[in-house]
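Structural description and commentary
Chain by chain, the residues run as shown.
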Amino acid sequence: MDKIAIEGPTRLRGTVEVSGAKNSALPIMAATLLTDEKCVIKRVPPLRDVNTMIKILRNLGVKVQVEPGRLVIEPKGYKNYIAPYKYVKEMRASFCVLGPILAKHRKAQVSYPGGCAIGNRPVDLHLKGIRALGADLKIEHGYVVGETRQLKGAHVYLGGAFGSSVLATDNVMMAATLAKGRTVIENAACEPEVVDLADFLNKMGAKIKGAGTHFIEIEGVKRLDGAEAEVIPDRIEAGTFMVAAAITGGDITVKGARFDHLGALVDKLQDSGVTITRHGKDIRVRVQRQLRPVDITTLPYPGFPTDLQAQMMALMTTINGISVITEKIYPDRYMHVSELARMGAQIKLEGDSAIVKGVKQLSGAPVMASDLRASAALVLAGMAARGRTDVSRVYHLDRGYDKIENKLSQLGANIHREREE
Ligand code: EPZ
(Lines give C-alpha, C1' and ligand atoms only; values in the text may rest on other atoms or scores of the structure.)
Protein backbone atom coordinates (compact mmCIF):
# COMPACT_ATOMS: atom_id res chain seq x y z
CA MET A 1 0.00 0.00 0.00
CA ASP A 2 1.16 3.58 -0.61
CA LYS A 3 1.23 6.57 1.66
CA ILE A 4 1.51 10.27 0.93
CA ALA A 5 4.12 12.30 2.82
CA ILE A 6 3.59 16.04 3.22
CA GLU A 7 5.87 18.66 4.79
CA GLY A 8 3.99 21.78 5.85
CA PRO A 9 3.12 24.58 6.07
CA THR A 10 3.04 25.61 2.37
CA ARG A 11 1.30 28.42 0.52
CA LEU A 12 -0.04 27.04 -2.78
CA ARG A 13 0.57 29.15 -5.88
CA GLY A 14 -0.05 28.61 -9.58
CA THR A 15 -2.65 26.98 -11.82
CA VAL A 16 -4.21 23.51 -11.79
CA GLU A 17 -6.33 21.77 -14.44
CA VAL A 18 -9.51 19.93 -13.37
CA SER A 19 -10.09 16.39 -14.71
CA GLY A 20 -13.37 14.89 -15.90
CA ALA A 21 -15.98 14.10 -13.24
CA LYS A 22 -15.76 10.60 -11.76
CA ASN A 23 -19.42 10.70 -10.74
CA SER A 24 -20.44 11.53 -14.29
CA ALA A 25 -18.14 9.08 -16.08
CA LEU A 26 -19.36 6.08 -14.06
CA PRO A 27 -23.11 6.25 -14.88
CA ILE A 28 -22.33 7.24 -18.50
CA MET A 29 -20.19 4.09 -18.80
CA ALA A 30 -23.14 2.08 -17.44
CA ALA A 31 -25.47 3.73 -19.98
CA THR A 32 -23.52 2.14 -22.87
CA LEU A 33 -25.14 -1.16 -21.81
CA LEU A 34 -28.39 0.15 -23.29
CA THR A 35 -27.18 -0.03 -26.90
CA ASP A 36 -25.50 -2.50 -29.29
CA GLU A 37 -23.50 0.27 -30.89
CA LYS A 38 -20.09 1.81 -30.27
CA CYS A 39 -19.82 4.66 -27.76
CA VAL A 40 -16.90 7.03 -27.17
CA ILE A 41 -16.54 8.76 -23.80
CA LYS A 42 -14.01 11.58 -23.58
CA ARG A 43 -12.32 13.24 -20.61
CA VAL A 44 -12.66 10.07 -18.54
CA PRO A 45 -10.40 10.46 -15.47
CA PRO A 46 -7.89 7.59 -14.99
CA LEU A 47 -9.14 6.52 -11.55
CA ARG A 48 -9.47 3.29 -9.60
CA ASP A 49 -13.26 3.57 -9.68
CA VAL A 50 -13.23 3.95 -13.47
CA ASN A 51 -11.03 0.85 -13.71
CA THR A 52 -13.52 -1.05 -11.55
CA MET A 53 -16.37 -0.08 -13.90
CA ILE A 54 -14.22 -1.17 -16.87
CA LYS A 55 -13.75 -4.58 -15.19
CA ILE A 56 -17.53 -4.89 -14.73
CA LEU A 57 -18.23 -4.02 -18.38
CA ARG A 58 -15.56 -6.44 -19.64
CA ASN A 59 -16.91 -9.14 -17.33
CA LEU A 60 -20.30 -8.68 -19.03
CA GLY A 61 -18.64 -9.27 -22.41
CA VAL A 62 -18.41 -5.61 -23.43
CA LYS A 63 -15.30 -4.54 -25.39
CA VAL A 64 -13.60 -1.56 -23.71
CA GLN A 65 -10.58 0.12 -25.28
CA VAL A 66 -8.72 2.53 -23.02
CA GLU A 67 -7.06 5.42 -24.86
CA PRO A 68 -5.46 8.53 -23.30
CA GLY A 69 -8.37 10.44 -21.70
CA ARG A 70 -11.08 8.50 -23.53
CA LEU A 71 -12.83 5.13 -23.62
CA VAL A 72 -14.13 3.34 -26.72
CA ILE A 73 -16.91 1.00 -25.61
CA GLU A 74 -18.41 -1.67 -27.89
CA PRO A 75 -21.24 -3.40 -26.07
CA LYS A 76 -22.50 -5.34 -29.12
CA GLY A 77 -23.74 -8.76 -28.21
CA TYR A 78 -22.73 -8.82 -24.55
CA LYS A 79 -24.32 -11.97 -23.20
CA ASN A 80 -23.57 -12.00 -19.51
CA TYR A 81 -25.92 -10.09 -17.23
CA ILE A 82 -24.16 -10.56 -13.90
CA ALA A 83 -22.25 -7.87 -11.99
CA PRO A 84 -20.33 -9.94 -9.44
CA TYR A 85 -19.75 -9.21 -5.76
CA LYS A 86 -15.96 -8.97 -6.20
CA TYR A 87 -16.39 -5.79 -8.21
CA VAL A 88 -19.50 -4.27 -6.63
CA LYS A 89 -17.90 -4.58 -3.17
CA GLU A 90 -15.03 -2.43 -4.48
CA MET A 91 -17.31 0.32 -5.69
CA ARG A 92 -20.94 0.86 -4.74
CA ALA A 93 -21.62 2.92 -7.85
CA SER A 94 -21.45 -0.35 -9.81
CA PHE A 95 -25.05 -0.86 -8.73
CA CYS A 96 -26.16 1.58 -11.43
CA VAL A 97 -25.65 -1.15 -14.07
CA LEU A 98 -28.85 -2.83 -12.81
CA GLY A 99 -31.27 -0.57 -14.69
CA PRO A 100 -29.48 -0.68 -18.06
CA ILE A 101 -28.87 -4.46 -18.07
CA LEU A 102 -32.48 -5.17 -17.08
CA ALA A 103 -33.84 -2.77 -19.70
CA LYS A 104 -31.68 -4.24 -22.44
CA HIS A 105 -31.67 -7.93 -21.50
CA ARG A 106 -34.83 -8.27 -19.39
CA LYS A 107 -32.80 -10.02 -16.74
CA ALA A 108 -29.99 -8.96 -14.45
CA GLN A 109 -28.08 -10.16 -11.43
CA VAL A 110 -26.21 -7.45 -9.56
CA SER A 111 -24.50 -7.87 -6.22
CA TYR A 112 -26.30 -6.08 -3.42
CA PRO A 113 -23.88 -3.29 -2.37
CA GLY A 114 -22.60 -3.34 1.19
CA GLY A 115 -22.02 -0.29 3.34
CA CYS A 116 -18.87 1.78 3.32
CA ALA A 117 -16.87 4.06 5.57
CA ILE A 118 -19.30 6.95 5.18
CA GLY A 119 -22.16 4.91 6.59
CA ASN A 120 -25.08 2.69 5.68
CA ARG A 121 -25.92 3.11 2.03
CA PRO A 122 -29.28 1.50 1.28
CA VAL A 123 -30.58 0.93 -2.26
CA ASP A 124 -34.29 0.81 -1.41
CA LEU A 125 -35.06 3.74 -3.73
CA HIS A 126 -33.30 1.99 -6.64
CA LEU A 127 -35.40 -1.15 -6.04
CA LYS A 128 -38.60 0.82 -5.56
CA GLY A 129 -38.10 2.72 -8.83
CA ILE A 130 -37.20 -0.31 -10.94
CA ARG A 131 -40.03 -2.38 -9.46
CA ALA A 132 -42.40 0.48 -10.34
CA LEU A 133 -41.32 -0.02 -13.98
CA GLY A 134 -42.62 -3.59 -13.78
CA ALA A 135 -39.50 -5.57 -12.94
CA ASP A 136 -39.60 -8.50 -10.58
CA LEU A 137 -36.65 -8.03 -8.17
CA LYS A 138 -35.61 -10.54 -5.52
CA ILE A 139 -32.66 -10.50 -3.10
CA GLU A 140 -30.98 -13.90 -3.24
CA HIS A 141 -27.59 -14.84 -1.76
CA GLY A 142 -26.41 -11.22 -1.69
CA TYR A 143 -27.58 -10.47 -5.22
CA VAL A 144 -30.45 -8.46 -6.61
CA VAL A 145 -31.95 -10.86 -9.16
CA GLY A 146 -34.22 -9.11 -11.63
CA GLU A 147 -36.31 -10.05 -14.60
CA THR A 148 -39.05 -8.55 -16.70
CA ARG A 149 -40.98 -9.35 -19.86
CA GLN A 150 -41.06 -5.66 -20.75
CA LEU A 151 -40.51 -2.59 -18.59
CA LYS A 152 -43.45 -0.19 -18.57
CA GLY A 153 -43.42 3.55 -17.89
CA ALA A 154 -44.66 4.67 -14.45
CA HIS A 155 -44.82 7.66 -12.13
CA VAL A 156 -42.14 7.10 -9.47
CA TYR A 157 -41.53 9.15 -6.34
CA LEU A 158 -37.82 8.75 -5.49
CA GLY A 159 -37.45 10.91 -2.39
CA GLY A 160 -36.06 9.21 0.71
CA ALA A 161 -35.42 10.24 4.30
CA PHE A 162 -32.27 12.07 3.14
CA GLY A 163 -33.82 13.67 0.11
CA SER A 164 -33.22 12.68 -3.52
CA SER A 165 -30.82 9.94 -4.58
CA VAL A 166 -28.29 10.53 -7.38
CA LEU A 167 -27.65 6.95 -8.44
CA ALA A 168 -31.24 5.82 -7.87
CA THR A 169 -32.32 8.62 -10.23
CA ASP A 170 -29.68 7.45 -12.72
CA ASN A 171 -30.68 3.78 -12.44
CA VAL A 172 -34.40 4.43 -12.95
CA MET A 173 -33.83 7.04 -15.68
CA MET A 174 -31.66 4.61 -17.66
CA ALA A 175 -34.14 1.74 -17.26
CA ALA A 176 -37.03 4.00 -18.30
CA THR A 177 -35.41 4.93 -21.64
CA LEU A 178 -36.37 1.50 -23.07
CA ALA A 179 -39.61 1.04 -21.12
CA LYS A 180 -42.93 1.06 -22.95
CA GLY A 181 -44.61 4.44 -22.42
CA ARG A 182 -43.91 7.46 -20.25
CA THR A 183 -42.10 7.60 -16.92
CA VAL A 184 -42.03 10.51 -14.50
CA ILE A 185 -39.42 10.53 -11.74
CA GLU A 186 -40.62 12.83 -8.97
CA ASN A 187 -38.10 14.17 -6.41
CA ALA A 188 -35.33 13.26 -8.85
CA ALA A 189 -31.77 14.27 -7.97
CA CYS A 190 -30.69 17.54 -9.65
CA GLU A 191 -26.91 17.04 -9.56
CA PRO A 192 -24.98 18.17 -12.69
CA GLU A 193 -23.84 14.56 -13.14
CA VAL A 194 -27.50 13.50 -13.59
CA VAL A 195 -27.87 16.18 -16.29
CA ASP A 196 -24.66 14.96 -17.97
CA LEU A 197 -26.04 11.41 -18.04
CA ALA A 198 -29.41 12.59 -19.44
CA ASP A 199 -27.59 14.57 -22.16
CA PHE A 200 -25.67 11.44 -23.16
CA LEU A 201 -28.84 9.29 -23.17
CA ASN A 202 -30.61 11.87 -25.37
CA LYS A 203 -27.66 11.78 -27.78
CA MET A 204 -28.26 8.00 -27.91
CA GLY A 205 -31.85 8.69 -28.96
CA ALA A 206 -33.60 8.69 -25.60
CA LYS A 207 -36.41 11.15 -24.97
CA ILE A 208 -35.68 12.75 -21.59
CA LYS A 209 -36.92 16.12 -20.38
CA GLY A 210 -36.44 17.95 -17.08
CA ALA A 211 -33.02 16.59 -16.04
CA GLY A 212 -31.59 18.98 -13.46
CA THR A 213 -35.03 19.53 -11.91
CA HIS A 214 -36.96 17.40 -9.41
CA PHE A 215 -39.28 16.19 -12.20
CA ILE A 216 -37.74 14.13 -15.00
CA GLU A 217 -39.94 12.81 -17.82
CA ILE A 218 -38.77 9.89 -19.99
CA GLU A 219 -40.68 8.75 -23.09
CA GLY A 220 -39.62 5.14 -23.73
CA VAL A 221 -38.13 4.26 -27.15
CA LYS A 222 -37.53 0.92 -28.88
CA ARG A 223 -33.76 1.14 -29.13
CA LEU A 224 -30.81 3.41 -28.46
CA ASP A 225 -27.88 4.19 -30.79
CA GLY A 226 -24.22 4.63 -29.93
CA ALA A 227 -23.09 8.16 -29.08
CA GLU A 228 -20.13 10.25 -28.03
CA ALA A 229 -19.86 12.05 -24.67
CA GLU A 230 -17.40 14.45 -23.13
CA VAL A 231 -17.66 14.18 -19.35
CA ILE A 232 -18.21 17.43 -17.43
CA PRO A 233 -15.37 18.76 -15.22
CA ASP A 234 -15.21 17.28 -11.72
CA ARG A 235 -16.77 19.86 -9.39
CA ILE A 236 -15.60 18.02 -6.29
CA GLU A 237 -11.99 17.91 -7.47
CA ALA A 238 -12.26 21.62 -8.38
CA GLY A 239 -13.75 22.38 -4.97
CA THR A 240 -11.01 20.41 -3.23
CA PHE A 241 -8.35 22.57 -4.90
CA MET A 242 -10.24 25.74 -4.03
CA VAL A 243 -10.28 24.72 -0.37
CA ALA A 244 -6.57 23.83 -0.68
CA ALA A 245 -5.87 27.43 -1.68
CA ALA A 246 -7.91 28.70 1.28
CA ILE A 247 -6.35 26.42 3.93
CA THR A 248 -2.78 27.22 2.83
CA GLY A 249 -3.38 30.99 2.48
CA GLY A 250 -2.40 30.63 -1.16
CA ASP A 251 -3.34 32.02 -4.55
CA ILE A 252 -4.29 29.46 -7.21
CA THR A 253 -6.24 29.41 -10.45
CA VAL A 254 -8.41 26.37 -11.08
CA LYS A 255 -8.66 25.83 -14.86
CA GLY A 256 -11.48 24.15 -16.77
CA ALA A 257 -14.00 24.03 -13.91
CA ARG A 258 -17.72 24.80 -14.22
CA PHE A 259 -18.29 27.85 -11.99
CA ASP A 260 -22.05 27.30 -12.22
CA HIS A 261 -21.65 23.88 -10.54
CA LEU A 262 -19.86 25.36 -7.52
CA GLY A 263 -22.34 27.91 -6.21
CA ALA A 264 -22.68 26.57 -2.67
CA LEU A 265 -18.91 26.28 -2.13
CA VAL A 266 -18.17 29.72 -3.62
CA ASP A 267 -20.83 31.18 -1.34
CA LYS A 268 -19.28 29.64 1.79
CA LEU A 269 -15.68 30.45 0.88
CA GLN A 270 -16.62 34.07 0.14
CA ASP A 271 -18.54 34.26 3.46
CA SER A 272 -15.33 33.12 5.11
CA GLY A 273 -13.40 35.96 3.44
CA VAL A 274 -11.73 34.09 0.56
CA THR A 275 -11.33 36.18 -2.62
CA ILE A 276 -12.80 34.31 -5.60
CA THR A 277 -12.70 35.79 -9.12
CA ARG A 278 -13.71 34.33 -12.47
CA HIS A 279 -11.72 34.68 -15.68
CA GLY A 280 -13.77 32.83 -18.31
CA LYS A 281 -13.59 29.15 -17.38
CA ASP A 282 -10.86 29.81 -14.81
CA ILE A 283 -11.49 30.44 -11.13
CA ARG A 284 -8.87 32.32 -9.11
CA VAL A 285 -8.88 31.66 -5.35
CA ARG A 286 -6.84 33.90 -3.05
CA VAL A 287 -6.56 34.57 0.68
CA GLN A 288 -5.96 38.25 1.31
CA ARG A 289 -7.25 38.60 4.84
CA GLN A 290 -7.86 36.75 8.10
CA LEU A 291 -10.61 34.19 7.36
CA ARG A 292 -13.80 33.84 9.39
CA PRO A 293 -15.46 30.59 10.52
CA VAL A 294 -18.66 29.65 8.65
CA ASP A 295 -21.42 27.12 9.38
CA ILE A 296 -22.09 24.40 6.80
CA THR A 297 -25.08 22.10 6.29
CA THR A 298 -24.83 19.50 3.52
CA LEU A 299 -27.88 19.09 1.30
CA PRO A 300 -28.74 17.61 -2.10
CA TYR A 301 -27.65 19.79 -5.06
CA PRO A 302 -27.68 22.77 -5.33
CA GLY A 303 -27.13 22.66 -1.55
CA PHE A 304 -23.65 22.34 -0.09
CA PRO A 305 -22.22 19.01 -1.35
CA THR A 306 -21.53 16.29 1.20
CA ASP A 307 -18.45 15.38 -0.88
CA LEU A 308 -16.82 18.68 0.16
CA GLN A 309 -17.78 18.49 3.85
CA ALA A 310 -14.55 16.89 5.06
CA GLN A 311 -12.42 19.33 3.08
CA MET A 312 -14.29 22.33 4.53
CA MET A 313 -13.96 20.88 8.02
CA ALA A 314 -10.19 20.75 7.58
CA LEU A 315 -10.28 24.44 6.62
CA MET A 316 -12.46 25.35 9.60
CA THR A 317 -10.03 23.67 12.02
CA THR A 318 -7.44 26.33 11.09
CA ILE A 319 -9.71 29.39 11.40
CA ASN A 320 -10.03 31.20 14.73
CA GLY A 321 -13.59 30.86 16.11
CA ILE A 322 -16.37 28.28 16.12
CA SER A 323 -18.01 26.70 13.08
CA VAL A 324 -20.84 24.14 13.08
CA ILE A 325 -20.89 21.54 10.33
CA THR A 326 -24.09 19.50 9.93
CA GLU A 327 -24.11 16.43 7.69
CA LYS A 328 -27.64 15.81 6.42
CA ILE A 329 -26.81 13.31 3.67
CA TYR A 330 -24.58 10.80 5.48
CA PRO A 331 -24.90 11.57 9.21
CA ASP A 332 -21.95 9.28 10.04
CA ARG A 333 -19.60 10.84 7.50
CA TYR A 334 -17.10 11.93 10.16
CA MET A 335 -14.30 9.36 9.92
CA HIS A 336 -11.89 12.26 9.31
CA VAL A 337 -12.65 13.87 12.70
CA SER A 338 -10.47 11.55 14.80
CA GLU A 339 -7.61 11.80 12.30
CA LEU A 340 -7.79 15.61 12.22
CA ALA A 341 -7.75 15.52 16.05
CA ARG A 342 -4.40 13.70 15.85
CA MET A 343 -3.14 16.83 14.10
CA GLY A 344 -4.34 19.04 16.94
CA ALA A 345 -7.78 19.95 15.57
CA GLN A 346 -10.50 20.63 18.15
CA ILE A 347 -13.77 19.05 16.99
CA LYS A 348 -16.73 17.85 19.04
CA LEU A 349 -19.39 15.59 17.49
CA GLU A 350 -23.00 16.16 18.53
CA GLY A 351 -25.41 13.91 16.57
CA ASP A 352 -25.14 14.79 12.89
CA SER A 353 -23.17 17.95 13.70
CA ALA A 354 -19.49 18.66 14.31
CA ILE A 355 -18.55 21.72 16.35
CA VAL A 356 -15.15 22.93 15.21
CA LYS A 357 -13.02 25.29 17.33
CA GLY A 358 -10.24 26.68 15.17
CA VAL A 359 -6.66 26.33 16.35
CA LYS A 360 -3.68 28.54 15.58
CA GLN A 361 -1.64 25.85 13.92
CA LEU A 362 -2.20 22.17 13.13
CA SER A 363 0.77 19.87 13.71
CA GLY A 364 1.88 17.24 11.23
CA ALA A 365 1.24 13.60 12.26
CA PRO A 366 0.84 10.10 10.83
CA VAL A 367 -2.87 9.73 9.94
CA MET A 368 -5.01 7.14 8.20
CA ALA A 369 -7.34 7.63 5.25
CA SER A 370 -10.75 6.00 5.61
CA ASP A 371 -12.74 7.10 2.60
CA LEU A 372 -12.19 9.12 -0.53
CA ARG A 373 -13.04 12.60 0.63
CA ALA A 374 -11.72 12.15 4.19
CA SER A 375 -8.35 11.34 2.63
CA ALA A 376 -8.45 14.58 0.66
CA ALA A 377 -9.22 16.49 3.87
CA LEU A 378 -6.15 14.97 5.56
CA VAL A 379 -3.92 15.98 2.64
CA LEU A 380 -5.24 19.54 2.85
CA ALA A 381 -4.65 19.61 6.61
CA GLY A 382 -1.13 18.24 6.09
CA MET A 383 -0.27 21.12 3.77
CA ALA A 384 -1.38 23.63 6.43
CA ALA A 385 0.18 21.80 9.40
CA ARG A 386 3.65 22.42 10.77
CA GLY A 387 5.93 19.43 10.22
CA ARG A 388 5.47 16.12 8.48
CA THR A 389 2.16 14.36 7.87
CA ASP A 390 1.97 10.81 6.50
CA VAL A 391 -1.44 9.87 5.10
CA SER A 392 -1.61 6.09 4.87
CA ARG A 393 -3.99 3.88 2.84
CA VAL A 394 -4.08 6.36 -0.03
CA TYR A 395 -5.76 3.82 -2.28
CA HIS A 396 -8.89 5.57 -1.00
CA LEU A 397 -7.58 8.78 -2.56
CA ASP A 398 -6.76 7.08 -5.86
CA ARG A 399 -10.42 6.11 -6.25
CA GLY A 400 -11.42 9.70 -6.95
CA TYR A 401 -8.39 11.90 -7.55
CA ASP A 402 -6.14 11.69 -10.61
CA LYS A 403 -2.56 11.87 -9.18
CA ILE A 404 -3.47 14.57 -6.65
CA GLU A 405 0.07 14.68 -5.26
CA ASN A 406 1.45 15.63 -8.70
CA LYS A 407 -1.10 18.40 -9.11
CA LEU A 408 -0.43 19.73 -5.60
CA SER A 409 3.37 19.61 -5.96
CA GLN A 410 3.00 21.64 -9.16
CA LEU A 411 1.28 24.21 -6.95
CA GLY A 412 4.29 24.25 -4.64
CA ALA A 413 3.27 21.67 -2.03
CA ASN A 414 6.07 19.64 -0.46
CA ILE A 415 4.33 16.30 -1.11
CA HIS A 416 5.30 12.91 -2.47
CA ARG A 417 4.08 9.29 -2.55
CA GLU A 418 6.00 6.54 -0.76
CA ARG A 419 5.64 2.82 -0.52
CA GLU A 420 4.25 1.97 2.94
CA GLU A 421 6.72 -0.37 4.68
C1 EPZ B 1 -23.60 9.76 -5.17
O2 EPZ B 1 -23.74 8.58 -4.41
C3 EPZ B 1 -22.10 10.01 -5.27
N4 EPZ B 1 -21.46 8.87 -5.92
C5 EPZ B 1 -21.52 10.21 -3.87
O6 EPZ B 1 -20.15 10.54 -4.05
C7 EPZ B 1 -22.21 11.38 -3.21
O8 EPZ B 1 -21.72 11.53 -1.89
C9 EPZ B 1 -23.72 11.12 -3.18
O10 EPZ B 1 -24.21 10.88 -4.52
C11 EPZ B 1 -24.49 12.28 -2.60
O12 EPZ B 1 -24.24 13.44 -3.36
C13 EPZ B 1 -21.57 8.73 -7.25
O14 EPZ B 1 -22.20 9.52 -7.93
C15 EPZ B 1 -20.83 7.57 -7.85
P16 EPZ B 1 -27.34 9.10 -2.95
P17 EPZ B 1 -25.20 7.90 -4.28
O18 EPZ B 1 -28.14 7.94 -3.40
O19 EPZ B 1 -25.99 8.16 -5.49
C20 EPZ B 1 -29.75 7.74 0.81
C21 EPZ B 1 -17.85 10.36 -3.75
O22 EPZ B 1 -17.15 10.69 -2.79
N23 EPZ B 1 -30.28 6.67 -0.04
O24 EPZ B 1 -27.55 10.43 -3.61
O25 EPZ B 1 -24.99 6.51 -3.86
C26 EPZ B 1 -28.24 7.60 1.06
O27 EPZ B 1 -27.98 6.71 2.12
C28 EPZ B 1 -19.16 9.65 -3.52
O29 EPZ B 1 -17.58 10.59 -4.95
C30 EPZ B 1 -31.37 5.92 0.43
O31 EPZ B 1 -31.86 6.13 1.53
O32 EPZ B 1 -25.81 8.73 -3.07
C33 EPZ B 1 -27.86 9.01 1.39
O34 EPZ B 1 -28.18 9.27 2.74
C35 EPZ B 1 -19.37 9.29 -2.06
N36 EPZ B 1 -31.88 4.94 -0.37
C37 EPZ B 1 -28.77 9.85 0.49
O38 EPZ B 1 -29.85 8.99 0.13
C39 EPZ B 1 -31.37 4.68 -1.62
O40 EPZ B 1 -31.90 3.79 -2.32
C41 EPZ B 1 -28.13 10.35 -0.78
O42 EPZ B 1 -27.47 9.25 -1.36
C43 EPZ B 1 -30.28 5.46 -2.09
C44 EPZ B 1 -29.75 6.45 -1.27
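Contacts to the ligand come from 24 residues, most closely from Arg92, Asp124, Ser165, Asp307 and Ile329. Contact distances for the ligand include 2.9 Å between an oxygen atom and a side-chain N or O atom of Lys22. Between the ligand and the protein, one listed contact pairs an oxygen atom with a side-chain N or O atom of Arg92 at 2.7 Å. Taking 820 Å² as the accessible area of the ligand by itself, protein coverage stands at 92%. Elements supplying a minimum of two residues to the shell around the ligand: α1 (22-31), α5 (124-132), α6 (166-176) and α12 (372-384). When its residues are assigned to classes, the shell around the ligand shows 11 nonpolar, 6 polar and 7 charged. Taken domain by domain, the makeup of the shell around the ligand includes at least three residues from each of domain 1 (2-19 + 233-419) and domain 2 (22-230).

What follows is about the pattern of salt bridges. For the structure on display, the rule yields 28 salt bridges. A salt bridge links Asp225 to Arg223, with the shortest nitrogen-to-oxygen separation between them at 2.6 Å. Judged by its relative accessible area of 31%, Asp225 falls in the partly exposed class. Three or more residues are tied together by salt bridges with common partners; here these are Asp2, Asp398, Glu405, Arg417 and Arg419.

Another point: the sheet that holds strand β1 (residues 2-8). Note: strands within a sheet are paired through backbone hydrogen bonds, in either parallel or antiparallel orientation. The 4 strands are arranged β22-β23-β1-β24 in an open sheet whose pairing can be described as mixed. The two strands at the open ends of the sheet, each matched to only one other strand, are β22 (366-368) and β24 (414-419). Averaged over neighbouring strand pairs, the angle between their axes works out to 25° when direction is ignored. Two elements, β22 and strand β23 (residues 387-392), share 3 bridges in a ladder whose sense is parallel. Residue pairing for β23: Pro366 is matched across the bridge by Asp390. Its contacts with the sheet place α12 against β1, β22, β23 and β24, and it is angled at close to 30° to β1.

Quick look at the pairing of strand β20 (residues 346-350) now. Along any regular strand, the residues point their side chains to alternate faces of the sheet. One ladder, built from 5 bridges, connects β20 with strand β21 (residues 353-357); its direction is antiparallel. Within β21, the residue paired with Ile347 across the bridge is Val356. With antiparallel pairing between neighbouring strands as the criterion, β20 and β21 make up a hairpin whose turn holds 2 residues, including Gly351 at a positive phi of roughly 65°.

Turning to α5, its buried residues are Leu125, His126, Leu127, Gly129 and Ile130. Where α5 terminates, the next one or two residues include Gly134, which has phi positive at roughly 100°.

Size of an interface, as often reported, equals the accessible area lost when the parts are brought together. As far as domains go, the chain holds domain 1 (2-19 + 233-419) and domain 2 (22-230). Domain 1 puts 26 residues into the contact, and the matching count from domain 2 is 21 residues. At the boundary of domain 1 with domain 2, total buried surface from both sides reaches about 2,000 Å², with 56% on carbon and sulfur atoms. Of all residues in domain 1, Tyr301, Tyr330 and Arg399 bury the most surface against domain 2, accounting for 31% of the area lost on that side. Scanning the region where domain 1 abuts domain 2 turns up 2 salt bridges. Among the secondary structure elements, those contributing two or more residues to the side of domain 1 that touches domain 2 are α12 and α13 (395-398). Partitioning the side of domain 1 that touches domain 2 into residue classes produces 10 nonpolar, 4 polar and 12 charged.

Let us now look at the nonpolar core. With 78 residues, the main nonpolar core has Met29, Val97, Met173 and Leu201 as its most contacted residues. The biggest single contributor to this core is α6, with 7 residues. Once you skip the residues sitting within four places of it in the chain, Leu201 turns out to touch Ala31, Leu34, Met173, Met174, Thr177, Ala206 and Ile208. Core analysis: the second largest hydrophobic core is formed by 71 residues, Val254, Leu269, Ile319 and Val359 among them.

Right, let's talk about the sheet that holds strand β15 (residues 251-255) for a bit. Spatial ordering of the open sheet is given by β2-β15-β17-β16, a layout of 4 strands whose pairing is mixed. Each edge of the open sheet carries a strand with a single partner, namely β2 (13-17) and β16 (275-279). Along the sheet, successive strands turn relative to each other by an average axial angle of 20°, direction set aside. In this sheet, β15 lies alongside β2 in parallel orientation, the contact comprising 5 bridges. By the bridge assignment for β15, Val16 is matched with Val254. Lying on the sheet, helix α8 (residues 235-247) is in contact with β2, β15, β16 and β17 (282-286); it crosses β15 at an angle near 170°.

Calculation criteria
Residues numbered from 1 in each chain as written. Predicted model: local features only at pLDDT ≥ 70, side-chain atom pairs only at ≥ 80, totals over all residues. Heavy atoms only, no water. Near = heavy atom within 4 Å. Polar contact = N/O pair within 3.5 Å; in protein donor to acceptor, adjacent residues only side chain to side chain. Areas by Shrake-Rupley, 256 points an atom, 1.4 Å probe, with all protein chains shown as cover. Helix = DSSP H or I, 4+ residues; strand = E, 2+ residues; numbered from the N terminus. Nonpolar A, V, L, I, M, F, W, Y, C, P; charged D, E, K, R; others polar. Domains from an automatic or database assignment. Salt bridge = Lys/Arg side-chain N within 4 Å of Asp/Glu carboxyl O. Buried < 20%, exposed > 50% of the residue type's maximum accessible area, 1.4 Å probe, protein only. Pairing = 2+ DSSP bridges. Axes fitted to C-alpha atoms, helices over the stretch in contact; angles between N-to-C directions. Contact = heavy atoms within 4.5 Å. Buried area = accessible area lost by both parts, 1.4 Å probe. Core = buried A, V, L, I, M, F, W, Y, C linked by side-chain atoms within 4.5 Å.

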